[in-house]
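# Overview (structure and organization)
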Amino acid sequence: QLCGEDYHWWWRSFFTSGSITFYVLLYSVAYFKQLQANNFATYVLYFGYTGLASCGLLMMTGCVGVLFSLWFNKTIFASIKVD
């Protein structure tokens, strides 16, 4: 990616590290099937708060992924000597 001068690596590193969020959402759906919900408000509250928590998790893990990728790229390119 970097050799081809593709500078859109930011988004790939963000969503790669944030992909754990999709597993959390799938697990929350599987967990919700075990609950005995009989009210529409239960569905709205559960999936609303799960969605908010998943968005927060995506932002946190995505930020960590981008920052470490940026650090790695700066370290790698700092060692290159152009003559």
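Up top is the structure these notes are about.
If you're wondering where the values come from, they're calculated on a predicted model, not measured in any experiment.

## Comments concerning the overall build of the protein
Within the protein, the regular secondary structure consists of three helices and zero strands. When the helices and strands of the protein are listed from N to C terminus, the series reads α-α-α. For the protein, buried positions account for 19% of its 83 residues. By sequence separation, contacts in the protein at least 24 residues apart represent 73% of the contacts at least 6 residues apart. Approximately 6,900 Å² of the protein is accessible, and the part contributed by carbon and sulfur atoms is 70%.

## Some words on the packing of aromatic side chains
Considering all chains together, one arrives at seven aromatic pairs under this definition. Ring geometry for Phe32 against Tyr43: centres 4.9 Å apart, planes inclined by 65°, an arrangement best described as edge-to-face. Linking Phe32 in helix α2 (residues 20-34) with Tyr43 in helix α3 (residues 40-78), this pair joins segments that are 11 residues apart in sequence. The class of Phe32 is buried, set by a relative accessible area of 7%. With relative accessibility at 37%, the residue Tyr43 sits in the partly exposed group. Here Tyr46 and Phe47 contribute two aromatic rings whose centre-to-centre distance is 5.2 Å and whose plane-to-plane angle is 80°, an arrangement assigned as edge-to-face. On the basis of relative accessibility, which here comes to 34%, the residue Phe47 falls in the partly exposed class. Among the aromatic side chains, those forming a connected cluster through ring pairs are Phe32, Tyr43, Tyr46 and Phe47.

## Concerning α2
Between its first and last C-alpha, α2 extends 22 Å over 15 residues, near the 21 Å set by a 1.5 Å rise per residue. Of all the residues in α2, the buried ones are Thr21, Ser28 and Phe32. Viewed end-on, α2 has its buried residues packed into an arc of 35°, placing them on one side of the element. In α2, the exposed residues that point more than 90 degrees away from the buried face are Tyr23, Leu26, Tyr27, Lys33 and Gln34. Next to the buried residues of α2 lie α3.

About the criteria used
- Residues numbered from 1 in each chain as written.
- Predicted model: local features only at pLDDT ≥ 70, side-chain atom pairs only at ≥ 80, totals over all residues.
- Heavy atoms only, no water.
- Helix = DSSP H or I, 4+ residues; strand = E, 2+ residues; numbered from the N terminus.
- Buried < 20%, exposed > 50% of the residue type's maximum accessible area, 1.4 Å probe, protein only.
- Contact = heavy atoms within 4.5 Å.
- Areas by Shrake-Rupley, 256 points an atom, 1.4 Å probe, with all protein chains shown as cover.
- Phe/Tyr/Trp six-rings, centres within 6.5 Å; stacked < 30°, edge-to-face > 60°.
- Expected span 1.5 Å × (residues − 1).
- Arc of directions from axis to C-beta.

So, to be careful, I would describe these as geometric facts and stop short of saying anything about function.
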